[in-house]
Amino acid sequence: MLVSTVELYWRARKSGGLGITGVEALGLDWGAIVERKDRLVASWSKGKDRSLEKEGIAVLRGQARFLGPRRLRVGEQTVTAEKVVIATGSAPRRPPIAGAERAITSDELIHLKILPRRMVVVGGGLIGMEFGFCFARAGTRVTVLQAGPQVLPGVDDEMREVLLTIGREAGMEFRMNVQVTRIAEDRVVEAEVNGAPERFPADVVLLATGRPPNVGGLNLEAAGVELERGGVKVNEYLQSPTAPDVYAAGDVTGRHQHTPVAWYEGAIAAENALKGNRKAVDYRFLPTAVFTLPALAQIGLTEREARASHPRVGVNRAPLKHNPAAGVRDETEGLVKVIYEEASGRLLGVHLLGAGAEDLIEIAAAAMRGGLTRAEIGAMHYVFPTLGGAIFDAMAGG
């Protein structure tokens, strides 16, 4: 929600070239933005509670812990069940850095009522990059410190570099191979960058070093549930191999930490628990997005992965600066990249960076699931002028 509001503000601020006047006077009431976000979240939560009650589902509130494979303690109440589904999500990690108590996590950042002037983000993964871009577009001076050689290690190399260029043009700073050693009393982040000491002053320090599965306090040992990579180990049916009456879904498995995946897995885990192991999970056509500004979305293989696993790979690109709809809107940053098998035209991966990428990726997801080839998609009619037309242009090229 914060990202969506900031995007409207950012786009409006840069719309002077479209003939819109008064954009210099636009501002953000950050406290009002956060309060609106809180109201929306509260209304959605109440709606979910009512939906559960309408379906006749009892809700017990409290800390749950296993007493056995089918017995749990919830507060002062003991309950038994034939099957149990664990869906406790994940929680922000606080790394063992001296002075880490002076920093905040994403759970706290979304409640800040005042926009900070300077923010240092420790971690260049999804959360760090999304909040980094959001606050930078809102006017905060943002520095992202990444321990490894690259931010967003799971995305396509070319798309990452274009995104970083856009971020730097927005005033963001990205530093790689950073080992944070201390957060001082004045919130100066002390670190070693490629072995040399450096200091990064900040008004707010955001710890974005991942969200490990939320398994603390569940007493999984009593149920015989085994962990893997810190999360509940499950098979293709989302069933614990060591405790067959226990299933798990969502972030708590430590596999795919995306909200739509949690919904998808939750339905499968519940159906398998109630009716037997009928459905296996299938992640072959899983679109994902990083809600930077602009957004970065992808499905399938990166170019590096495709070339490592296929003998002959083709790559087509359609820069948004050549898309008429993007030009009309002055939203020309980014591109569409299509990766395919040269011989068959089978799509291996589609990557989008630009306005609306998080929505447009659904076109590629549907096409890949339907088994359409690059040429078949490229020959389709589409509405003109549209941002989505860039996908069809990328398919047709080459």
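Residues numbered from 1 in each chain as written. Predicted model: local features only at pLDDT ≥ 70, side-chain atom pairs only at ≥ 80, totals over all residues. Heavy atoms only, no water.

### So, the pattern of salt bridges
Applicable threshold: Each salt bridge in this description consists of a side-chain nitrogen of Lys or Arg and a carboxyl oxygen of Asp or Glu lying within 4 Å of one another. For helices the rule is a DSSP run of H or I covering at least 4 residues; for strands it is a run of E covering at least 2, with both sets numbered from the N terminus onward. Type-normalised accessible area, obtained with a 1.4 Å probe on protein chains alone, sets the label of each residue: buried when under 20%, exposed when over 50%, and partly exposed for intermediate values.
By the definition in use, this model includes 32 salt bridges. Here Arg 11 and Glu 331 are joined by a salt bridge, their closest N and O atoms 3.8 Å apart. Here Glu 331 lies in the loop between α9 (324-329) and β19 (335-341) and Arg 11 lies in helix α1 (residues 2-13), a separation of 320 residues in the sequence. Overall, Arg 11 belongs to the buried group, its relative accessible area being 13%.

### Thoughts on empty space enclosed by the protein
Formally: Using only the protein atoms, space was sampled on a 1 Å grid; points where a 1.4 Å probe fits but cannot get out form cavities, open sets with protein on both sides within 12 Å along at least five of seven lines form pockets, and lining residues are those with an atom within 4 Å of a point. Grid points are joined across faces, edges and corners, and a volume is the space filled by probe spheres set on the points.
Scanning the model with the defined rule gives 3 cavities of 30 Å³ or more in all. Approximately 60 Å³ is the volume found for the largest cavity. In terms of lining, the largest cavity is formed by Leu 320, Leu 335, Val 336, Leu 352, Leu 353, Gly 354, Ala 355, Ala 357, Leu 360, Leu 387, Ala 390 and Ile 391.

### Regarding the sheet that holds strand β9 (residues 178-183)
Strand pairing in a sheet relies on backbone hydrogen bonds. The paired strands run either parallel or antiparallel. Definition in use: Strand pairing is defined by DSSP finding a minimum of two bridges between the two strands. The convention used is that axes are lines fitted to C-alpha atoms, helices contributing only their stretch in contact, and that angles between N-to-C directions extend from 0 to 180 degrees.
Taken in spatial order, the 3 strands make up an open sheet running β9-β10-β11, and their pairing is antiparallel. With one partner strand each, in any of the chains shown, β9 and β11 (196-200) form the two edges of the open sheet. Within the sheet, the average angular offset between the axes of one strand and its neighbour, ignoring direction, is 30°. As defined by bridge partners, β9 adjoins strand β10 (residues 189-193) across 5 bridges and the pair is classed as antiparallel. Within the sheet, the bridge partner assigned to Val 178 lies in β10 and is Val 193.

### As for the pairing of strand β20 (residues 347-354)
Of all 8 residues making up β20, 8 are buried, and the element is well covered by its neighbours. Pairing between strand β17 (residues 295-300) and β20: 6 bridges, direction antiparallel. Following the sheet pairing, Ile 299 is matched in β20 by Val 350. One ladder, built from 6 bridges, connects β19 with β20; its direction is antiparallel. Bridging across to β20, Val 338 finds its partner in Val 350.

### Concerning the packing of α1 against helix α4 (residues 126-138)
Under the convention used in this document: By the definition used in this description, the sense in which the near helix is turned from the far one sets the handedness, with an anticlockwise turn below a right angle giving left-handed and a clockwise turn giving right-handed. Contacts are residue-level and defined by heavy atoms, with any inter-residue pair within 4.5 Å sufficient. Under the convention adopted here, Pro, Cys and the residues Ala, Val, Leu, Ile, Met, Phe, Trp and Tyr are nonpolar, Asp, Glu, Lys and Arg are charged, and Gly plus all remaining residues are polar.
Running from N to C, α1 and α4 cross one another at 35°; their axes reach a closest spacing of 9 Å. Between α1 and α4 lies a crossing of left-handed hand. For the pair formed by α1 and α4, the contact residues are Leu 2, Val 3, Val 6, Tyr 9 and Trp 10 on the first element and Phe 131, Cys 134, Arg 137 and Ala 138 on the second. Residues that form the contact of α1 with α4 fall into these classes: 8 nonpolar, no polar and 1 charged.

Function-wise, these values are silent; they only describe arrangement.
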